[in-house]
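The chain contents come next:
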Protein chains: 4
Amino acid sequence: MAASLRLRGAACGLWYWRRGQRPAAASLAAVCSRSMASKTPVGFIGLGNMGNPMAKNLMKHGYPLIIYDVFPDACKEFQDAGEQVVSSPEDVAEKADRIITVLPTSINAIEAYSGANGILKKVKKGSLLIDSSTIDPAVSKELAKEAEKMGAVFMDAPVSGGVGAARSGNLTFMVGGVEDEFAAAQQLLGCMGSNVVYCGAVGTGQAAKICNNMLLAISMIGTAETMNLGIRLGLDPKLLAKILNMSSGRCWSSDSYNPVPGVMDGVPSANNYQGGFGTTLMAKDLGLAQDSATSTKSPILLGSQAHQIYRMMCAKGYSQKDFSSVFQFLREEETF
Amino acid sequence: MAASLRLRGAACGLWYWRRGQRPAAASLAAVCSRSMASKTPVGFIGLGNMGNPMAKNLMKHGYPLIIYDVFPDACKEFQDAGEQVVSSPEDVAEKADRIITVLPTSINAIEAYSGANGILKKVKKGSLLIDSSTIDPAVSKELAKEAEKMGAVFMDAPVSGGVGAARSGNLTFMVGGVEDEFAAAQQLLGCMGSNVVYCGAVGTGQAAKICNNMLLAISMIGTAETMNLGIRLGLDPKLLAKILNMSSGRCWSSDSYNPVPGVMDGVPSANNYQGGFGTTLMAKDLGLAQDSATSTKSPILLGSQAHQIYRMMCAKGYSQKDFSSVFQFLREEETF
Amino acid sequence: MAASLRLRGAACGLWYWRRGQRPAAASLAAVCSRSMASKTPVGFIGLGNMGNPMAKNLMKHGYPLIIYDVFPDACKEFQDAGEQVVSSPEDVAEKADRIITVLPTSINAIEAYSGANGILKKVKKGSLLIDSSTIDPAVSKELAKEAEKMGAVFMDAPVSGGVGAARSGNLTFMVGGVEDEFAAAQQLLGCMGSNVVYCGAVGTGQAAKICNNMLLAISMIGTAETMNLGIRLGLDPKLLAKILNMSSGRCWSSDSYNPVPGVMDGVPSANNYQGGFGTTLMAKDLGLAQDSATSTKSPILLGSQAHQIYRMMCAKGYSQKDFSSVFQFLREEETF
Amino acid sequence: MAASLRLRGAACGLWYWRRGQRPAAASLAAVCSRSMASKTPVGFIGLGNMGNPMAKNLMKHGYPLIIYDVFPDACKEFQDAGEQVVSSPEDVAEKADRIITVLPTSINAIEAYSGANGILKKVKKGSLLIDSSTIDPAVSKELAKEAEKMGAVFMDAPVSGGVGAARSGNLTFMVGGVEDEFAAAQQLLGCMGSNVVYCGAVGTGQAAKICNNMLLAISMIGTAETMNLGIRLGLDPKLLAKILNMSSGRCWSSDSYNPVPGVMDGVPSANNYQGGFGTTLMAKDLGLAQDSATSTKSPILLGSQAHQIYRMMCAKGYSQKDFSSVFQFLREEETF
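Keep in mind that what you see is a predicted model, and the values were worked out from it rather than measured.

## With respect to the pattern of salt bridges
Consideration 1: Overall, the coordinates contain 24 salt bridges over all chains when judged by the stated rule.
Consideration 2: For the salt bridge of Lys76 of chain B with Asp80 of chain B, the shortest nitrogen-to-oxygen distance reads 3.0 Å. With Lys76 of chain B and Asp80 of chain B both in helix H4 (residues 72-80), this residue pair falls four residues apart, about one helical turn.
Consideration 3: Through salt bridges with shared partners, a single ionic network connects Glu90, Glu94 and Lys122 of chain A.

## Some details on the nonpolar core
Consideration 1: Within the largest apolar cluster, 214 residues are counted, with the highest numbers of intra-cluster contacts made by Tyr310 of chain A, Tyr310 of chain B, Tyr310 of chain C together with Tyr310 of chain D.
Consideration 2: The residues touching Tyr310 of chain B, leaving out its near neighbours within four places in the chain, are Ala217, Met220, Ile221, Thr279, Met282, Ala283, Leu286, Phe323 and Val326 of chain B.

## Describing the UniProt feature "domain: 3-hydroxyisobutyrate dehydrogenase-like NAD-binding" (unreviewed entry) in chain A
Consideration 1: As annotated by UniProt and renumbered to match this structure, "domain: 3-hydroxyisobutyrate dehydrogenase-like NAD-binding" (unreviewed entry) occupies residues 203-329 of chain A.
Consideration 2: A helix fraction of 61% and a strand fraction of 0% characterise residues 203-329 of chain A, whose end C-alpha atoms lie 34 Å from each other.

## Quick word on the domain arrangement of chain A
All names here are of chain A.
Consideration 1: Per the domain assignment, the segments making up chain A are domain 1 (42-202) and domain 2 (208-330).
Consideration 2: Just the C-alpha atoms count here: the centres of domain 1 and domain 2 sit 31 Å apart.
Consideration 3: Between domain 1 and domain 2, the contact holds 10 residues from the first and eight residues from the second.
Consideration 4: Counting across the domain 1 and domain 2 interface gives zero salt bridges.

## Structural notes on unusual backbone geometry
Residue and element names in this part refer to chain A.
Consideration 1: Although it is not a glycine, Tyr273 sits at a positive phi angle of roughly 60°.
Consideration 2: Position of Tyr273 among the secondary structure elements: in the loop between helix H13 (252-255) and helix H14 (279-295).
Consideration 3: Relative accessible area serves as the criterion here: at 2%, Tyr273 is assigned to the buried category.

## Some remarks on the interface of chain B and chain A
Consideration 1: Listed as interface residues are 67 residues of chain B and, on the opposing side, 67 residues of chain A.
Consideration 2: Taken together, both faces of the contact between chain B and chain A bury some 5700 Å²; the carbon and sulfur share is 65%.
Consideration 3: Linking chain B to chain A there are 20 residue pairs in polar contact (both at pLDDT 80 or more).
Consideration 4: Per-element tally for the side of chain B that touches chain A: the top contributor is helix H11 (residues 204-232) of chain B, with 19 residues.
Consideration 5: Tallied by class, the residues present in the side of chain B that touches chain A amount to 37 nonpolar, 21 polar and nine charged.

## Side note on the side chain of Gln290 of chain D
Consideration 1: If you trace the backbone, Gln290 of chain D turns up in helix H14 (residues 279-295).
Consideration 2: The contact partners of Gln290 of chain D, leaving out residues within four places of it in the chain, are Gln290, Thr294, His307 and Gln308 of chain B together with Ile300, Ser304 and His307 of chain D.

## So, the packing of aromatic side chains
Consideration 1: The final tally for this structure, using the stated rule, is 28 aromatic pairs over all chains.
Consideration 2: Here Tyr113 of chain A and Phe154 of chain A contribute two aromatic rings whose centre-to-centre distance is 5.3 Å and whose plane-to-plane angle is 75°, an arrangement assigned as edge-to-face. Of the two residues, Tyr113 of chain A sits in helix H6 (residues 106-114) while Phe154 of chain A sits in strand S6 (residues 153-156), which places them 41 residues apart along the sequence. Accessibility assignment for this pair places Tyr113 of chain A and Phe154 of chain A in one class, buried.
Consideration 3: Three or more aromatic residues joined by ring pairs make a cluster, and in this case those are Trp252, Tyr257, Phe277, Tyr310 and Phe323 of chain A.
Consideration 4: Here the guanidinium or amino end of Lys39 of chain A rests over the ring plane of Tyr63 of chain A, the centre of that ring lying 4.3 Å away.
Consideration 5: Stacked on the ring of Phe329 of chain C, the Lys or Arg Lys316 of chain B has its end atom at 4.4 Å from the ring centre.

## Points about the packing of H14 of chain A against helix H15 (residues 301-315) of chain A
Residues and elements named next belong to chain A.
Consideration 1: Relative orientation of the contacting elements H14 and H15 amounts to 145°, with a least axis distance of 9 Å. When you trace H14 past H15, the crossing you get is left-handed. Between H14, through Thr279, Thr280, Met282, Ala283, Leu286, Gly287 and Gln290, and H15, the contact on the second element is made entirely by Ser304, Ala306, His307, Tyr310, Arg311, Met313 and Cys314.
Consideration 2: Residue composition of the contact of H14 with H15, grouped by class: seven nonpolar, six polar and one charged.

## Observations regarding the relation of the copies chain B and chain A
Consideration 1: Note on the copies: chain B fits chain A at an RMSD of 0.0 Å, the axial shift is 0.0 Å, and the rotation between them is 180°. Viewed as a symmetry operation, the transformation between the two copies matches a two-fold axis. Considering only C-alpha atoms, the part of chain B nearest the rotation axis is Cys251 of chain B, at 1.9 Å.
Consideration 2: With an isologous cut-off of 70% or more, the 100% of interface residues of chain B that recur at the interface of chain A puts this contact in the isologous class.

## A word on the pairing of strand S1 (residues 42-45) of chain A
Residue and element names in this part refer to chain A.
Consideration 1: Side chains Val42 and Phe44 project from S1 onto one buried face, and the interleaved Gly43 and Ile45 project onto a second face that is buried too.
Consideration 2: Two strands pair when backbone bridges link them, and S1 and strand S2 (residues 65-68) are joined in this way by four bridges, in the parallel orientation. Paired with Phe44 across the two strands is Ile67, which belongs to S2.
Consideration 3: Note that S1 and strand S4 (residues 98-101) share three bridges and pair parallel.

## Considering the pairing of strand S8 (residues 171-176) of chain A
Both faces of the sheet carry side chains from a regular strand, because those side chains alternate between them.
Residues and elements named next belong to chain A.
Consideration 1: Most of S8 sits inside the fold, with six of its six residues counted as buried.
Consideration 2: Residues Leu171, Phe173 and Val175 line one face of S8 and the alternating positions Thr172, Met174 and Gly176 line the opposite face, and both faces are buried.
Consideration 3: Both strand S7 (residues 159-160) and S8 contribute to a ladder of two bridges, which runs antiparallel. Its bridge partner being in S8, Ser160 is matched across the sheet by Thr172.
Consideration 4: Bridge analysis of S8 against strand S9 (residues 193-200) gives six bridges, and the strand direction is parallel. Residue pairing for S9: Thr172 is matched across the bridge by Asn195.
Consideration 5: In terms of handedness, the path from S8 via helix H10 (residues 182-189) over to S9 forms a crossover that is right-handed.

## Digging into H14 of chain A
Residue and element names in this part refer to chain A.
Consideration 1: When the terminal C-alpha atoms of H14 are compared, their 24 Å separation across 17 residues agrees well with the 24 Å that a helix rising 1.5 Å per residue should span.
Consideration 2: Counting buried residues in H14 gives 13 out of 17 residues, a clear majority hidden from the surface.
Consideration 3: In the stretch just after H14, Lys297 is the one whose phi turns positive, near 55°.

## Some details on the environment of Asp291 of chain C
Consideration 1: Relative to the helices and strands, Asp291 of chain C is located in helix H14 (residues 279-295).
Consideration 2: When neighbours within four sequence positions are excluded, Asp291 of chain C is seen to be in contact with Asp291 and Thr294 of chain A together with Asp136 of chain C.

## Considering the state of the cysteines
Consideration 1: Under the counting rule described, the total for this entry stands at zero disulfides over all chains.
Consideration 2: Cys199 of chain A forms no disulfide, and the closest cysteine sulfur to it belongs to Cys211 of chain A, at a distance of 10 Å.

## Some points on the environment of Lys238 of chain B
Residue and element names in this part refer to chain B.
Consideration 1: Looking at where Lys238 falls in the secondary structure, it is placed in helix H12 (residues 237-245).
Consideration 2: Sequence spacing of Lys238 and Gln186 is 52 residues, and the spatial spacing of their C-alpha atoms is 42 Å.
Consideration 3: Leave out the neighbours within four places in its chain, and Lys238 touches Gly262 and Val263.

## Regarding the packing of H11 of chain B against H12 of chain B
All names here are of chain B.
Consideration 1: Across the interface, H11 lies against H12 with an axial gap of 10 Å and an inter-helix angle of 130°. Between H11 and H12, the crossing angle belongs to the class labelled oblique. Classified by chirality, the crossing of H12 by H11 is right-handed. Between H11, through Thr226, Met227, Gly230 and Ile231, and H12, the contact on the second element is made entirely by Pro237, Leu240, Ala241 and Leu244.
Consideration 2: In the contact of H11 with H12, the residues fall into six nonpolar, two polar and no charged.

The rules behind the values
Residues numbered from 1 in each chain as written. Chains lettered and ligands numbered in written order. Predicted model: local features only at pLDDT ≥ 70, side-chain atom pairs only at ≥ 80, totals over all residues. Heavy atoms only, no water. Salt bridge = Lys/Arg side-chain N within 4 Å of Asp/Glu carboxyl O. Helix = DSSP H or I, 4+ residues; strand = E, 2+ residues; numbered from the N terminus. Core = buried A, V, L, I, M, F, W, Y, C linked by side-chain atoms within 4.5 Å. Buried < 20%, exposed > 50% of the residue type's maximum accessible area, 1.4 Å probe, protein only. Contact = heavy atoms within 4.5 Å. UniProt positions renumbered as here; feature names shortened; annotations may be inferred. Domains from an automatic or database assignment. Buried area = accessible area lost by both parts, 1.4 Å probe. Polar contact = N/O pair within 3.5 Å; in protein donor to acceptor, adjacent residues only side chain to side chain. Nonpolar A, V, L, I, M, F, W, Y, C, P; charged D, E, K, R; others polar. Phe/Tyr/Trp six-rings, centres within 6.5 Å; stacked < 30°, edge-to-face > 60°. Lys NZ or Arg CZ within 6 Å of the ring centre and 35° of its normal. Axes fitted to C-alpha atoms, helices over the stretch in contact; angles between N-to-C directions. Left-handed = near helix turned anticlockwise from the far one by under 90°. Least-squares fit on C-alpha atoms with pLDDT ≥ 70 in both. Pairing = 2+ DSSP bridges. Right-handed = clockwise from strand over helix to strand, strands pointing away. Expected span 1.5 Å × (residues − 1). Disulfide = S-S within 2.5 Å. Parallel < 35°, antiparallel > 145°, perpendicular 65-115°, else oblique.

Right under this line is the structure:
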């Protein structure tokens, strides 16, 4: 049970909520059912690993979709399911006044919104544009400005939870944007996630996700270094973990996601670092943290180092393993 | 209440125990009372800030003491209280077969045990030697070997908890040494601390303390960098802390000892970083971690960096502030 | 003499050329005189600390200028000197088919070229656009693409040498772009600098400058750490520098720009770190190196650290001092 | 020629002397021949890879030897050659008043001098004790104190130059100790090396070697990161090296020992990183630098990182390769 909870933690790599700790929010089920009556179509751009199950959850809640993806194949199953598929972001903007985008990088997001056939070319006044991509907060702010010029509202709402949580509708959304529009965004996001947290002005959703993942990376590497040092100094791994977790060294990486095989069940380290949150994804998020720190002139001495370490790991064959495999990376013994 | 708990956490800088989490151990009260009947004298060497209150707690439990300190003044109040003061470690060894040492550095410990007038010059066969100094585990092992040659037993039992916990008898002892002797050590240590944890072979007590403090330093700096970055990205500090603490970035430094003024009460950051665990003490412990990592060839990329950062802080006027002041250190704005 | 040479090294902060080491190049004087005959107007955008003296050197060589700067005052003295001042980058593009831009950041460069009234709005086919700003190589490549669409040629040619070299016409230009156009660029750049180095495709000029400055920052910090450690270990600074410079530790920072006061004459460390290459400028260039490394997934473990160290220094009052003041930053003694 | 010179540079890994740059010193040949007349026996302890050829060079200069090594086999060929072999360091001290020790670690040196059968047990008043091991300067100082108590003189004289230079008598000695005794030390060391540099008080010989190697490690890693970044940004490696070497990024690692295959001949990078100065040896020296920095509270932010990087490399299969293989270590591409 605790293990499965943890495994969900593992699946999402980032977020888990202790019972009773969820931020206060209107009953989302209620919100959704309340709005079951009149459902106008919702635009959805980006049907990849994450977007696909997210879109399906919107359908389950009765929302007709206007679909677009650069890869037509990605749209096929939605077309078969009777949803309307169009041929560009601007076409989506013509047919829907609520649009959700789920894209891999800042570049893709810029293209989808400001490109030659981008959303902003034909967006309707008063439209609600929700970007659930994980991108540079500075880009989110820029897009919000452009949207405002067109009389539309842009919000950043990066998700946490990975494919598993996307399928089960248990994603967490960190939302940044005009507070007055949060309820409207929550109505849609609540159909795809179990937690929708309002973080403040546009860009703060991205900021919150980036900050959490940077601290996560630092404490995970720190836990791996500490466990490795303790073991070499003769401590039993389980006993050391127990001592740390009763003490001031305690962190999520030590008590809920320990990177040392044999210390915990139901986490990637118990399964040869399969599943969980991949090293390349962590390296990508740390790249965003680095960019944000550089542009805001914020010193991140350990954050930069963590970024470089995960970068090295990607080049050393760890890219597809869970990010807790940094223990294995550090562990390798000198051969004499 | 929680605050005061935290403040004790603060006072000790290192250790706190959640209710019901204490490692299983014979009722210490029982142990102590059981042995009230026949109390043979206990040697005590090192009556500094920590040693002084520790020795007094032994007295409270009815143990006569044989006292020595390099500074005669440190012995005076014990002499006035009727305890026996002698003029060298070897004299202590002549008069007591259970000796506790509480010294500032590895050098002092080596001198007290192996010096010209050291304990080992006249230690009795079967004596129990407990060193509660925080020193290099390699030195503890060396002293244990030398003691064994003399037919005595040496255990390392570094304390955590600072002066406050020393006075209240709430110290934590991490004990390394022959397991058969643990009960005997526990009988004495239980009179000075509320937690006595057996860690394994000699040196592992030091190892456990060093490991916890290294991870603590890393996660504290990481928390400070993360909070600072988030604030510069527009997040409210309290909201960011709440999000981190519900998520995978959670650590003791973020949820129990947050370094950002205004986020928590009852911690040093709420009191201009007064009290708590001083930056120089953290720098010293990180130096020991560094030495242990170097001698065991254990890579500590973030641990080394943390060591250097606290070293820099000591040179920038933060030496007497609590180690969470690293937030303030990073926070300083560029003047243009 | 050697000192003054060094001082020029200091003034430029980056580049110096040992006698007889200049890269082979057509005699620039010759080139310039050869083209004295027919001089068509040259556009010049950005008349700041660097642009101002650079533009004047072009005038000295007989080139009529078409001037624009966002700050009208910056244009006044050129207007008084009879040069033509216009009111936007696009106006410059209408009147000149060779344009030089010298701007502070990537944002400014993007605005000047791709903005609403940017150069590319009215650039003539076949125009030669030379950007001497120091910006992200990725931006240079992007601008080159856009220019090509308009039938124009864009080259990046960041300068090294600071205001002193700009005045004396001793700048170094690192040029990236189509090789066929290098001679044309060289004709103009040779009037402002004593070294014009062709680095390869567009963006490589920026890359070369960024790479040199990253290695410079690393070796300067390394030299400062090493000299400080050696001094604390009892070595005489001058003797240590002499030993390093005869040995494999030798680098430009140790033998031509030593950061320890008293070791060398004619360098900023001999003058309370005044003049030279400011810490903020180094921090800015390291930010560009970091961005390039992140986008190309190149691990820069020491480069990232150097970036963070200069970032910290800017927040600790060193921003206006020469970057060799890192020795002073590390030097500060612990107060006990 | 230059190449072979460099290769010697490679062999020594550390030191090379540009023609005419050798520190002024009495003609060593002269010194040696002058003393050919009356040669009293010289004690020699430690006949390993380095000690063996060093001892032979002393023999060539006509010095009778008193030999000891913990491994009797190591003494055999000297015994066959008619030299006197004894059974402990103290026996050497009884028979010779000039003793040279060449040992692998601080522990071995302490044992040889202060051990149960150590030199200091029977050292004659006025004896000259020269330790050519590379060890912690703090240990050298300690041994010097103990020697002084016995009326003997201890000097630290770590060598640089590796086995090749040891055989050819081209070692460099960095000497620390009482200046009055330098000439006497020089007489012996000059028979084994071509450079004997006086560095100051005892311990400074070790300090000089450690400092040079730390800066070497930092600039080598910096060069590797820079070349790798430049290549990924599209620069030609040879052109980039040329630009750096004409500029402020220039260092021994870039201009005399470039780590990128194809840029230079006659260096390890041109020979699959064979030969040269092994990564484990660099890691060992960085460990000593780290220890010295920790004990003197000297911040070495990049030095610590360099230590950790070489430590990691040892665990990743680079231990036997030349230390310039850090380029290869960083170079590995991400597999997607």
